[in-house]
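Residue-level listing of the chains:
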Amino acid sequence: MQTSPNESERLILAAPATEMAHEHEATAHAHEEHPDLRLFGFTLFLVSEAMLFVGLFVAYLAFRAVATEWPPAGTPELEVILPAINTVILVASSFVLHQSEAAVKKGDIPGMRAWFIATIAMGAVFLAGQVYEYTQLEFTLQTGLFGGTFFVLTGFHGLHVLVGVLLMSGVVVRSFKKEHYTPQKHFGVEAANLYWHFVDGVWIVLFLLLYIVK
Amino acid sequence: MAFPRINAVAFWMIPPAAVLLMSSFFFGPAQAGWTSYPPLSMDPATLIGQSLWLSSVILLGTSSILGAINFVTTIWEMRVPSMGIWQMPLFVWAMFATSIIILVATPVLTGALLLLSFDLLMGTVFFNPTGGGDPVLYQHMFWFYSHPAVYIMILPGMGLVSEILPVYARKPIFGYRAIAISSMSIAVLGFIVWAHHMFTSGTPEWMRMFFMITSMIIAVPTGIKVFSWVATVWGGKLRLTPAMLFAMGFVSMFVVGGLSGVMLASVPIDIHVTDTYFVVAHLHYVLFGGSVFAVYAGVYHWFPKMTGRFLNEWWGKVHFYSTFIGFNLCFLPMHKLGLLGMPRRVAAYDASFLDLNVLVSTGGFLLGVSTLPFLGNVIYSWLKGPRATGNPWEGLTLEWTTPSPPPVENFERLPVLTVGPYDYGHAGRDPSEIVRH
Ligand code: HEM
Ligand SMILES: [Cu+2]
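Residues numbered from 1 in each chain as written. Chains lettered and ligands numbered in written order. Predicted model: local features only at pLDDT ≥ 70, side-chain atom pairs only at ≥ 80, totals over all residues. Heavy atoms only, no water.

**Digging into the site of ligand 1**
Residues and elements named next belong to chain B. By nearness alone, 22 residues border ligand 1, and Trp 34, Asp 270, Thr 274, His 282 and Arg 344 come closest of all. Trp 34 places a side-chain nitrogen or oxygen 2.9 Å from an oxygen atom of ligand 1. For the shell around ligand 1, the secondary structure elements donating two or more residues are helix H5 (135-169), helix H9 (242-265) and helix H11 (277-307). It is H9 that contributes the most residues to the shell around ligand 1, 6 residues altogether. Classifying every residue of the shell around ligand 1 by side-chain character gives 13 nonpolar, 7 polar and 2 charged. For the shell around ligand 1, the two domains that each supply at least three residues are domain 1 (1-238) and domain 2 (240-377). (Near = heavy atom within 4 Å. Polar contact = N/O pair within 3.5 Å; in protein donor to acceptor, adjacent residues only side chain to side chain. Helix = DSSP H or I, 4+ residues; strand = E, 2+ residues; numbered from the N terminus. Nonpolar A, V, L, I, M, F, W, Y, C, P; charged D, E, K, R; others polar. Domains from an automatic or database assignment.)

**With respect to the coordination of the copper ion (ligand 2)**
All names here are of chain B. Distances from the copper ion (ligand 2) to its protein donors, namely His 147 (ND1), His 196 (NE2) and His 197 (NE2), fall within the range 1.9 to 2.1 Å. Written as a sequence motif, the donor arrangement for the copper ion (ligand 2) is H-x48-H-H. With relative accessibility at 15%, the residue His 196 sits in the buried group. (Donors = N, O, S within 2.8 Å, 3.2 Å for Na, K, Ca; no water. Buried < 20%, exposed > 50% of the residue type's maximum accessible area, 1.4 Å probe, protein only.)

**Here we look at the coordination of the iron atom of ligand 1**
For the iron atom of ligand 1, the sole protein-derived donor is His 282 of chain B (NE2), lying 2.1 Å away. Here the copper ion (ligand 2) and the iron atom of ligand 1 are spaced 4.4 Å from one another.

**Thoughts on the environment of Leu 145 of chain A**
Residue position: Leu 145 of chain A is located in helix H6 (residues 144-174). A sequence separation of 63 residues divides Leu 145 of chain A from Leu 208 of chain A, and the C-alpha atoms of the two residues are 18 Å apart. Here Leu 145 of chain A is in contact with Phe 63 and Trp 70 of chain A together with Val 125, Phe 126, Gly 132 and Gly 133 of chain B, once residues within four sequence places are set aside. (Contact = heavy atoms within 4.5 Å.)

**Describing the domain arrangement of chain B**
Interface size, as often reported, equals the accessible area lost upon joining of the parts. All names here are of chain B. Entries for chain B in the domain assignment read domain 1 (1-238), domain 2 (240-377) and domain 3 (389-437). Each of domain 2 and domain 3 has a C-alpha centre, and the two are 34 Å apart. Listed per partner, the contact involves 10 residues of domain 2 and 10 residues of domain 3. When the area that domain 2 buries against domain 3 is broken down by residue, the three leading residues are His 301, Lys 305 and Phe 310, summing to 61%. Joining domain 2 to domain 3, the criterion identifies 0 salt bridges. Along the contact surface separating domain 2 from domain 3 lie 7 residue pairs in polar contact (both at pLDDT 80 or more). (Buried area = accessible area lost by both parts, 1.4 Å probe. Salt bridge = Lys/Arg side-chain N within 4 Å of Asp/Glu carboxyl O.)

**Quick word on the packing of aromatic side chains**
In the structure shown here, the tally under the stated rule is 55 aromatic pairs over all chains. Considering the side-chain rings of Tyr 176 of chain B and Tyr 422 of chain B, the 6.0 Å spacing of their centres and the 45° angle between planes classify their relative orientation as tilted. Taken together, the residues Tyr 176 of chain B in helix H6 (residues 176-189) and Tyr 422 of chain B in the loop between strand S1 (416-417) and strand S2 (435-436) connect sequence positions 246 residues apart. For the pair Tyr 176 of chain B and Tyr 422 of chain B, one class covers both residues: buried. Geometrically, the ring pair formed by Tyr 285 of chain B and Phe 327 of chain B is edge-to-face, given 4.7 Å between the ring centres and 65° between the ring planes. One end of the pair, Tyr 285 of chain B, is in helix H11; the other, Phe 327 of chain B, is in helix H12 (residues 313-340), and 42 residues separate them in sequence. You can call Phe 327 of chain B buried: its relative accessible area is 0%. Three or more aromatic residues link up through ring pairs in this structure, and these residues are Phe 246, Tyr 285, Phe 288, Phe 293, Tyr 296, Tyr 300, Phe 320, Tyr 321, Phe 324, Phe 327, Phe 331 and Phe 374 of chain B. Over the ring of Phe 176 of chain A we find Arg 113 of chain A; its NZ or CZ atom is 3.8 Å from the centre of that ring. (Phe/Tyr/Trp six-rings, centres within 6.5 Å; stacked < 30°, edge-to-face > 60°. Lys NZ or Arg CZ within 6 Å of the ring centre and 35° of its normal.)

Here's what the structure looks like:
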């Protein structure tokens, strides 16, 4: 075990001279830049976000497990039609947004922008549907574990949809700047895509847990 | 750093979090301990203070997540091209493992604290048994983070010691890969031991068994590290500088804490001594004898690198010996107090515990006094200490190839490694020839 650094060192020393020279050349400029790692970092951030939702989902399942009855007696039935439509809209919007990446890779900035605007509209419809659903419900955040978990989970997800809409609007605004997004460099587009797919995935789990699996 | 600006954001979240935490004292202070268990934390009398506490901890958690993103990205993507993962210094391995724990565990704590805040401020009943809620669930969520959190506190210390021991023993680290892999396996295993803090929370029998076994298993990678450190020092040409003394103090004191940890992991023993001073003794041997000793060792080792000046070695030894004696005087008797049944978190105690408590208090005061030579040394040496060269300890890791203190950009050109981080004691190698430019 202990020999490993020595072994590896031998490997390094044995590296072909050309490679060394190449490295030398690459580092000749003192202020060279490292590659763009923002997408890597953003993905790690989403891992953390996912764990937050995992925590809340597991808490929800635990509450259901300890409750003598679920949904508790006297809780009105949850209406499924509206959230189902919302689900279709959100899932579809993920596919719509996906087109934006193809567009930007072809250098088609107006096209990319159009896909973004379409997705923003679908996100807004989703949020409006959610708000409408809230106004129709006969229970509140304070209605026991059922109301509490329902509003915290959907509310928290809704907040993420809102943030997604804002992120996408930011991309639209920036896309008017010349050369801001190029076929090679378009971190904002990629990040907004990733985030939106994430929010979409969370919703699917949430929809199944809250509305479907009884 | 991959994302310097995010690093700054993470850093500057800490002062406001501190203000929130401290301001809690002025508004019916939070007094539910660091665990903040409901229903204790839901006392209406401490509502504002507790809420401030919660917001502070959520902010701190977010700050550490941002920091962890930075560390993982930097370590994974930005090593110099000639450094593969098996040439990374062990401290870097330790920070990598720590950052992964932070990324995965912290959000779950955030979730628990958010739900608790809702209970406090919005009238929900998640953890309120009178409304059908489940206070034990809070404990699960809390410890899902807070057991891994003890590794967040100790893994960097283990990394520091793995750096420091070889330098002053003039020997290659023993079991480089074993230490690196054990850091990663501690990070992973650390996620399945949390309920050992809940053996007396009405935890079902199967769960107790499961968590007892996993907790004992996690002592194995920990033990591998300890044996590797001992083997590293064994037969070496030891230079007993303050850094080395603290590093060896770390190893020996951490072993004591690890042993009491394994005792606590055993359900029958834990049921007897949970919530007594035995637990307080355990956590101080791992956190003070462990983490704090490692930080001291790190300060003595890297002070010349950070400031360009040496700390005074004689005062450093005074600091070490007074800390070591004060520490053991303070915390060793707590084992016995706990076994005799003295409860933790209670200010008053039975008269029969008096004698041992006198020892504890004496040790406590000595420990307090022991910080004075350290603080004095740091302040004086920073201003007036003798100048240090770039590599005063003849270390082989990259930081020692820079001048002391390092220039803003660290390296003018990316260095090319020619020596592994721990290749000490090989004939014919000049320690100043670590890299090729
Ligand atoms: C060999 C590995 C370890 C094992 C098996 C272990 C086991 C345990 C157990 C079973 C408890 C619960 C005692 C009780 O409340 O009844 C405990 C408490 C504690 N341990 Fe460890 N431990 C280990 C290492 C560590 C390390 C490395 C740290 C920190 C650096 C640490 C910090 C703590 C703290 C702070 C507590 C008290 C938590 C509280 O406030 O209730 N432990 N340990
Ligand atoms: Cu633990």
